[in-house]
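# Descriptive structure summary
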Amino acid sequence: MKLYVIIPLCALFTLTQQASPRDKCVCELTNSKKAFPHDKLSTVESDAAKCNSNITPQKTLELESLLLGLERRLPQLEEDVSMLEREDDGELYAVISLQVIENELLEIKQLMDRLNSTALGYERLTADTTKQLEDLRVEMQDLETYDTMEVVKKQQENQRLKKNLTNCKGPRPTPQPALPHGNCPHGQFVNVTGPKVNTQGEYPGSYKYGAWGRDPKPEAGKEKWHWLVMLTSSDAYSNYVRRYSSLSALIGGVSVPGNVQIHSSNPTTNTIQGPNVVLYGEALYYNCYNKGAVCRFNLTTKTIRELKLPEGTRFNSKGNFCNLDACYPYTDLDLATDESGVWVIYTTSQDFGNLVLSKVSDSEALALNQTWSTSVYKQGVTNTFMACGVLYATRYVSKDVEEIFYSFDTTTELERFDVGIFINKMSRNIHSLNYSPVDQMLHAYCDSYMVSYKVLFQ
């Protein structure tokens, strides 16, 4: 017996139950509509996901980073050429200046090559994506024909009504709180531009980890001097600081007076451990070898003082900065400078791995003046620096971008996790980062590159 029914399935179930067990009932359900193409919908969803993965904000930032690098280098090249024309003595100065200009031209050419290659890649990506979007639009219109109950049409109408309602009410802007700036004479920290300098100096590719910068409290006659510390042993230790009489000398690799040695052995007691080093008042501050302590090495007297940090301070790579994939070795202690002096950032067992900040006295008797605990986890941070009494922390976004996401104002003790200032990187990793109050620059050491950025206040 064939029974043709066009009734709900629940009724069909009931009918089947009422049939006599001796009767054989065969039911055939006929659907007058076309079957929904689930395979086609899966294909559309997969294509849409590929579009999302191909077009990301990081791709825009990559191009912006290259343009910024080029924009900063061209005026610097013009300035160096003009200086050479004005001050050429036909001897040592000319040789050094030509070497600096040659390095700058090489870096500009490399940037131009990368820029052209990236622009062509984006042009192809734009054409491919445009075609994919058009195909997706056609397929979605075809799928809408299966929407017999007009669910999609009603959702679209609701979206239009909501938009009209929002426009009718008018904009209601939410004021954004200002970034903290402590007692900063420059005003509010608003952005970072650059890089302004990007060089490997006299040891291209030789030392992956290190730090560099300027002394915020220099001796008379050394106002333009720069310093460099490279971790020359096991990418973890060093026993000297290298001095340069100017930025051009550092780029050209002309070190005067040369190395100031802490000890002839490397490593040994009270030599440098880790890349987070600063110079302040002709004294080098760093993590003492194999200790949870800060060492201060006086470059004039060659004497060392040691400051032991609180009990439970993590050291020897037990409290490092980390990115998404790995941690940076021996970054337990981070030394920083700002307008007020030297700071040390670390973590302790008592603080469960959260950042701890202490102000270091620059008096003859080395000591901690004041300490603050924060609620940001140290291994969720890639670097920290101080500016105007405010602690800033960065995190890894991509191989081209780092974000300043966190701040702690030591004046108000206000914490923020939404700073949202981005740094365009020239290398994947930033191994050390420090602020120079002399010229409001950030000095970064990145996979053997020395890079600087301008900090903008308003």
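Scroll up to find the structure.
## Observations concerning the layout of surface pockets
- Quantified by volume, the second largest pocket comes out at close to 380 Å³.
- In this structure, the second largest pocket is lined by 19 residues; those nearest its centre are Glu107, Gln110, Asn198, Gln200 and Tyr449.
- Among the secondary structure elements, those contributing two or more residues to the lining of the second largest pocket are α4 (92-144), β3 (189-199) and α6 (247-252).
- It is α4 that provides the largest number of residues to the lining of the second largest pocket, a total of 7 residues.
- Along the lines of polarity and charge, the residues of the lining of the second largest pocket split into 6 nonpolar, 9 polar and 4 charged.

## Focus on the nonpolar core
- Judged by nonpolar contacts, the single largest core of 22 residues is most densely connected at Phe189, Val192, Phe385, Ile404 and Leu442.
- For this core, the leading source of residues is strand β25 (residues 449-457), giving 4 residues.
- When near neighbours in sequence (up to four residues on either side) are disregarded, valine 192 contacts Ile404, Ile421, Phe422, Ile423, Leu442, Tyr453 and Lys454.
- In this structure, Val229, Leu231, Leu284 and Tyr286 belong to the second largest nonpolar core, which totals 18 residues.

## A closer look at the sheet that holds strand β24 (residues 441-446)
- Within the open sheet, the 4 strands sit side by side as β3-β25-β24-β23. Their pairing is antiparallel. Of all strands in the sheet, those with a lone pairing partner are β3 and β23 (432-436), marking the two edges. Strand-to-strand twist of the sheet, defined as the mean angle between neighbouring strand axes without regard to direction, takes the value 25°.
- Inspection of the sheet shows β3 paired to β25 by 7 bridges, in the antiparallel sense. The residue bridging asparagine 198 from the neighbouring strand is valine 451, located in β25.

Cut-offs and rules
Residues numbered from 1 in each chain as written. Predicted model: local features only at pLDDT ≥ 70, side-chain atom pairs only at ≥ 80, totals over all residues. Heavy atoms only, no water. 1 Å grid on protein atoms, 1.4 Å probe; cavity = no way out; pocket = protein on both sides within 12 Å on 5 of 7 lines; lining within 4 Å. Points joined across faces, edges and corners; volume = space filled by probe spheres on them. Helix = DSSP H or I, 4+ residues; strand = E, 2+ residues; numbered from the N terminus. Nonpolar A, V, L, I, M, F, W, Y, C, P; charged D, E, K, R; others polar. Core = buried A, V, L, I, M, F, W, Y, C linked by side-chain atoms within 4.5 Å. Buried < 20%, exposed > 50% of the residue type's maximum accessible area, 1.4 Å probe, protein only. Contact = heavy atoms within 4.5 Å. Pairing = 2+ DSSP bridges. Axes fitted to C-alpha atoms, helices over the stretch in contact; angles between N-to-C directions.

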